[in-house]
Amino acid sequence: MTHTRLAIDVGGTFTDVFVFNENTGEVFVTKTSSTPSNPEQGILNGIEKAELNGKDIKIFSHGTTVGTNALIERKLPKTALITTKGFRDVTEIRRGTKEDIWDTYKDTAKPYIQRRDRFEVTERIDYEGNIVEAIQEDEIRALAKKLKRRNTESIAVCFLNAYVNGENEVKVKEILKEELPDVYVCISSEVLPEIFEHERMSTTIINAVLGPIMSNYINKLSDEMRKKGYEEEILVLHSGGGVMTSSTVPRYAARLASSGIAAGAIASKHIAKLCGFNNAIGLDMGGTSTDISLMYDGDIRITKDWSIEYGYPIGFPSIEILTIGAGGGSLAWKDAGGSLRNGPQSAGAVPGPACYGRGGTEPTNSDANLVLGRLGVNLLDGTMQLDKEAAIQAVKKIADEFNHSVEEAANAIIEVANANMSDAVRLISVRRGYDPRDFALVAFGGAGPLHGAYLAKDLNIPKIIIPSHPGVAAAMGCLLVDVRHDISKTYVKKANDVSIEELTSQFNDLRIEAKALLEDEGISDETSTLMNYMDLRYKGQWRSLAVVVPDQLTSLDDVLAAFHREHEREFAFSDQEQVVEIYGLRVTAIGTVPKPDFPQYAPEGSIDDAYKETRPVYFEGKYVETKVYNRDKLPVYTQLPGPAIVDQLDTTTVIPPGFTAEVDVYKNIIITVN
């Protein structure tokens, strides 16, 4: 009988495994090395390490970096673009912007499809959706033969104004499927029927280059899981904070471009709510990077302005996550101006930090934490031994550069890393109109609990939550999401010029499409929820804000009032006399997946049972004899005054002097800044 829920998060360094037994309420976690060259193998290794039989698995949900890595490394199938005559170079012209406007030497990454593989055809649709020039079938068939000779594996079709009428694109797709039945084809009017040709083309291209990759990956993984006895659908986390089944992956492959990153934000939201907080900032610090998310009033921020590489946006709704190059393996270095820097370069999994003993020699955050005594020499329950002498020698390079002691250099490395992360938190909070003092900080990932208390102190955040299994919290997040699809369309009209009947009709069309997607996923009506959203802006503006629209719309008064309030909070400005314009309509379809009910614990044992040792730890310019505890044995309601160190399988938690920690009934550690 199936009784186990399995969640796996595939990271760049480690593959995290989270197992929940429904019968007993027990949680088992483990980690194994990721296998980038064969991503499904790391998952299978994790399942084997967890000693799971496929027949015992009830739900298998996972996040993967396959799409992310493919885009960054440009390991992509041979893909062609077919577009309207005269628009071949839209993807190269982009918006003409740069990520850093002051760096004249840094070029934007090259397009995913090179110019020689971008083709123009005769067609034209005007802005109202009228066909000015129909498709010439002979031209498309001749182009298909050329693409066949070139061994094209995937094709993106994006025509001007196809967002308002996709008829020409549909005809091209039908012809291509006749001529090239084995080639992956996607069209912009199906992928993202929204205005702005660059954003729509970019999303369609990314969907096309990832389609064959994600299809191949999910098919291989499905075959291997069937061999293990698992017959259910494999759920894959997507950027919008939901999951899709393996059968839907090929259609919306671009949504998986940030699959693994979203899991941490979902986990952060769940953990914060368990602890009674509706406002929370998630800090997921791993080996190479830190992902920061924000939940306000119980909802995670969603954005449609995101990309894996700057200049190539993906138009699907995504959890807003700010990623910076700050992780346990981030390298410390001295720049040309003589300043100490930290990251974004990383030692990665191989060779890794110097203390890993795999050939790394440059100083990293992990080496600095080990030198300061905050990190012990035994990791993963003693299965991984760290080389402290190698860490000292690495950090000594920075010490010699700045004429510091090794301890001073290690402390400076950590302070720079903390400052980088604090700045990133301010970007996603203060810059958006949120006061960090109104939030709790959920610190997780392999390195988050080492740094969380210092960030909270710097940002005046009063509470820090360390989940019970912080190193695999992102994997746990994969079990806490529902099947989700977002269906949208561009709809530009003044709010006071549109009738309620017309809006209701438009939303009904979107809801029919959204419901069909859930039915394809095997979701019943009883577990389905459809939510309407309207993108609004002041007339003449470019940026819009999404506002919830009730299912039974009788008036726009409440919707407009909500828009004015949100605009005031986001931009510190609102004007109720201004004309408000509708920019787009969206329906979010949610198919509820049963969530695990995590157990609460009663206090058992004493803090003495959890005591491991006392070791010198460097705090505020000096070594302090600090007690080290085994987290698995810490009783519920335990009070821990700082300084203290808490060890567990997947991470180490630092409670500095001046902080107090308490263990709650879910075995989360809640640290308070005194």
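This text goes with the structure placed above it.
What you see is a predicted model; the values in this text were computed from it and never measured.

Remarks on the nonpolar core
Argument step 1. Phe18, Phe60, Leu210 and Met534 are the most contacted members of the largest nonpolar core, which has 116 residues in total.
Argument step 2. In terms of residues, this core owes the most to one element, helix H7 (residues 197-227), which gives 12 residues.
Argument step 3. Those residues in contact with Leu210 that lie beyond four places of it in its chain are Gly67, Ala70, Leu71, Ala253, Ala254 and Ala257.
Argument step 4. Ranked by size, the runner-up nonpolar core spans 35 residues in total, among them Ile281, Ile464, Ile466 and Val663.

A word on the sheet that holds strand E6 (residues 118-121)
Strands belonging to one sheet form pairs held by backbone hydrogen bonds; the direction of such a pair is parallel or antiparallel.
Argument step 1. Pairing within the open sheet is parallel, and its 4 strands lie in the order E6-E5-E9-E10. Lying at the two open borders of the sheet, with one neighbouring strand each, are E6 and strand E10 (184-187). Within this sheet the neighbouring strands show an average axis-to-axis angle of 20 degrees, counted without direction.
Argument step 2. Taken together, the 4 bridges between strand E9 (residues 154-158) and E10 define a ladder with parallel strand orientation. Residue Ile155 lies in a different strand from E10, and its bridge partner there is Val185.
Argument step 3. The strands that helix H4 (residues 137-149) touches are strand E5 (79-84), E6 and E9; relative to E6, the one it contacts most, it runs at about 165 degrees.
Argument step 4. Strands in contact with helix H5 (residues 167-179) are E5, E9 and E10; relative to E10, the strand with the most contacts, it is inclined by about 175 degrees.

As for the pattern of salt bridges
Argument step 1. Throughout the structure, instances matching the rule amount to 42 salt bridges.
Argument step 2. As a salt-bridge pair, Lys171 and Glu167 come within 3.4 Å of each other at their nearest N and O atoms. Residue Lys171 and its partner Glu167 are both found in helix H5; the two are separated by 4 residues, about one turn of the helix.
Argument step 3. Given the relative accessible area of 35%, Lys171 is considered partly exposed.
Argument step 4. For Glu224, the salt bridge is made with Lys227, and the minimal N-O distance between the two is 3.6 Å. Here Glu224 pairs with Lys227, and both are found in helix H7, just 3 residues apart, close to one helical turn.
Argument step 5. Accessibility expressed as a relative area gives 66% for Lys227, which makes it exposed.
Argument step 6. By sharing partners, the salt bridges in this structure join Arg301, Glu320, Arg432, Glu566, Arg569 and Glu570 into a single network.

Examining H7
Argument step 1. For H7, with 31 residues, the first-to-last C-alpha span of 44 Å sits near the 45 Å given by 1.5 Å per residue.
Argument step 2. Remark: the principal bend of H7, roughly 40 degrees, maps to Leu210, with a proline, Pro212, within the next four residues.
Argument step 3. With respect to burial, H7 is a largely interior element, 22 of its 31 residues being buried.
Argument step 4. Gly229 sits one or two positions beyond H7 and adopts a positive phi of about 100 degrees.

Some details on the pairing of strand E34 (residues 644-647)
One face of the sheet, then the other: side chains in a regular strand alternate in exactly this way.
Argument step 1. Burial along E34 is two-sided: Ala644 and Val646 and Ile645 and Asp647, pointing in opposite directions, are all buried.
Argument step 2. Strand direction decides the pairing type here: strand E32 (residues 622-630) and E34, joined by 4 bridges, are parallel. Pairing of Asn630 across the sheet is with Asp647, part of E34.
Argument step 3. Relative to strand E35 (residues 652-655), E34 runs antiparallel, the two being bridged by 4 bridges. When the bridges of E35 are listed, Val646 appears paired with Thr653.

Some words on the pairing of strand E4 (residues 57-63)
Argument step 1. Of all 7 residues in E4, 6 are buried, a share of seventy percent or more.
Argument step 2. Pairing geometry for strand E1 (residues 4-10) and E4, over 6 bridges, is parallel. Paired with Ala7 across the bridge in E4 is Ser61.
Argument step 3. Of the strand pairs in this sheet, E4 and strand E11 (residues 234-237) are connected by 3 bridges, and their pairing is parallel. Along E11, the bridge assignment pairs Phe60 with Ile234.

Comments concerning unusual backbone geometry
Most peptide bonds are trans, and most residues other than glycine sit at a negative phi.
Argument step 1. Across the junction of Gly343 and Pro344, the peptide omega takes the value 0 degrees, indicating a cis bond.
Argument step 2. Relative to the assigned elements, Pro344 resides in strand E22 (residues 340-346).
Argument step 3. That bond from Gly642 to Pro643 is cis: its omega, 5 degrees, falls within 30 degrees of zero.
Argument step 4. Along the chain, the position of Pro643 falls in the loop between strand E33 (639-641) and E34.
Argument step 5. Notably, Glu51 is not glycine yet its phi reads approximately 55 degrees, a positive angle.
Argument step 6. Note on placement: Glu51 falls in the loop between helix H1 (39-49) and E4.
Argument step 7. The exposure class assigned to Glu51 is exposed, which follows from its relative accessible area of 70%.
Argument step 8. Its identity is not glycine, yet Lys667 carries a phi of approximately 70 degrees, on the positive side.
Argument step 9. Using a relative accessible area of 27% as the deciding quantity, one classes Lys667 as partly exposed.

Rules behind the numbers
- Residues numbered from 1 in each chain as written.
- Predicted model: local features only at pLDDT ≥ 70, side-chain atom pairs only at ≥ 80, totals over all residues.
- Heavy atoms only, no water.
- Core = buried A, V, L, I, M, F, W, Y, C linked by side-chain atoms within 4.5 Å.
- Buried < 20%, exposed > 50% of the residue type's maximum accessible area, 1.4 Å probe, protein only.
- Helix = DSSP H or I, 4+ residues; strand = E, 2+ residues; numbered from the N terminus.
- Contact = heavy atoms within 4.5 Å.
- Pairing = 2+ DSSP bridges.
- Axes fitted to C-alpha atoms, helices over the stretch in contact; angles between N-to-C directions.
- Salt bridge = Lys/Arg side-chain N within 4 Å of Asp/Glu carboxyl O.
- Expected span 1.5 Å × (residues − 1).
- Bend = angle between axes of the 7 residues up to and from the residue.

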